Amino acid sequence: MCLAAGMNDYLSKPLNPNALKKILRKWLHSSEDEQTTSGNTVKGIDQDQKDLGFIEVNNGLLDSLSGESVWDQEAALKRLGFNEELLSKVINMFLADLPQQQATIEQAIKVHDYDTAAKMAHSIKGSSASIGADRLSLVTKQLEASCKNEHTTVIEAIMVTFEIECQALQECLIRHVE
């Protein structure tokens, strides 16, 4: 929709500070010089924009994640301008919020409130991607889609993987901030 409306220079979440600076410079400079932008293309589409497709649960969601680490510290630092102190603060906030978010999803699914579960999965998807936890982001992306479509058997299978990924990520992040 965005591209069809002529919005061909957008940034998806999680925002990359360098990409944001680049786009701002481009457009602030363009408006000052009244330059045309025809022919410009956006290169370097980020991970969230790639078509990941639907992962078949019976083939194992964990199998699709096997090549990725639980947490990519370098990606997290890059997103935060290589600011270690800020990374520690963000990780601590993430660790403080995740248990309640997990409980909210579990309770929502238990009472068949898939809309609430999908919204919370969406929130975790974004925050985990922002800190370089692409595995959890991918799992919550699948959980969000399954909740929106109320695929109960798929939701049950993904929840097992969700719990495993949350536990593994928490352990990894706690080791980092200690």
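Check the entry above for the structure.
Please read all numbers here as calculations on a predicted model, not as lab measurements.

**Q** Break down the overall build of the protein for me, citing the residues and quoting the values.
**A** Scanning the protein from N- to C-terminus turns up seven helices and zero strands. Reading the secondary structure of the protein in the N-to-C direction produces α-α-α-α-α-α-α. For the protein, the residues scored as buried account for 33% of the 178 residues in total. Here the analysis covers contacts within the protein between residues at least 6 apart in sequence; of these, 65% occur between residues at least 24 apart. Element-wise, carbon and sulfur atoms account for 54% of the exposed surface of the protein, whose accessible area totals about 10900 Å².

**Q** Provide a residue-level description of helix 5 (residues 114-130), including the pertinent values.
**A** Note that an α-helix has 3.6 residues per turn; residues three or four places apart therefore point the same way. Over its 17 residues, helix 5 extends 24 Å from the first C-alpha to the last, a length consistent with the 24 Å expected when each residue adds 1.5 Å. Among the residues of helix 5, Y114, A117, A118, M120, A121, I124, K125, S128 and A129 are the ones counted as buried. What you see down the axis of helix 5 is that its buried residues fit within an arc of 165°, all on one side. Where helix 5 is buried, its residues meet helix 3 (73-79), helix 4 (84-110), helix 6 (134-148) and helix 7 (152-177). Phi turns positive, to about 85°, at G132, one or two residues after helix 5.

**Q** Describe the nonpolar core, with residues and values.
**A** Membership of the largest hydrophobic core comes to 32 residues, with the highest contact counts inside it found for W71, I105, I109, L143, C147, F162 and L173. Among the secondary structure elements, those contributing two or more residues to this core are helix 3, helix 4, helix 5, helix 6 and helix 7. The element best represented in this core is helix 7, accounting for nine residues.

**Q** Before we move on, can you summarise the pattern of salt bridges with the specific residues and values?
**A** Under the definition given, this model contains five salt bridges. One salt bridge in this structure joins E144 and K125, with 3.1 Å as the shortest N-O distance. One end of the pair, E144, is in helix 6; the other, K125, is in helix 5, and 19 residues separate them in sequence. Judged on exposure class, the residue E144 and its partner K125 are both buried. Through salt bridges with shared partners, one network takes in K125, E144 and K148.

Conventions adopted
Residues numbered from 1 in each chain as written. Predicted model: local features only at pLDDT ≥ 70, side-chain atom pairs only at ≥ 80, totals over all residues. Heavy atoms only, no water. Helix = DSSP H or I, 4+ residues; strand = E, 2+ residues; numbered from the N terminus. Buried < 20%, exposed > 50% of the residue type's maximum accessible area, 1.4 Å probe, protein only. Contact = heavy atoms within 4.5 Å. Areas by Shrake-Rupley, 256 points an atom, 1.4 Å probe, with all protein chains shown as cover. Expected span 1.5 Å × (residues − 1). Arc of directions from axis to C-beta. Core = buried A, V, L, I, M, F, W, Y, C linked by side-chain atoms within 4.5 Å. Salt bridge = Lys/Arg side-chain N within 4 Å of Asp/Glu carboxyl O.

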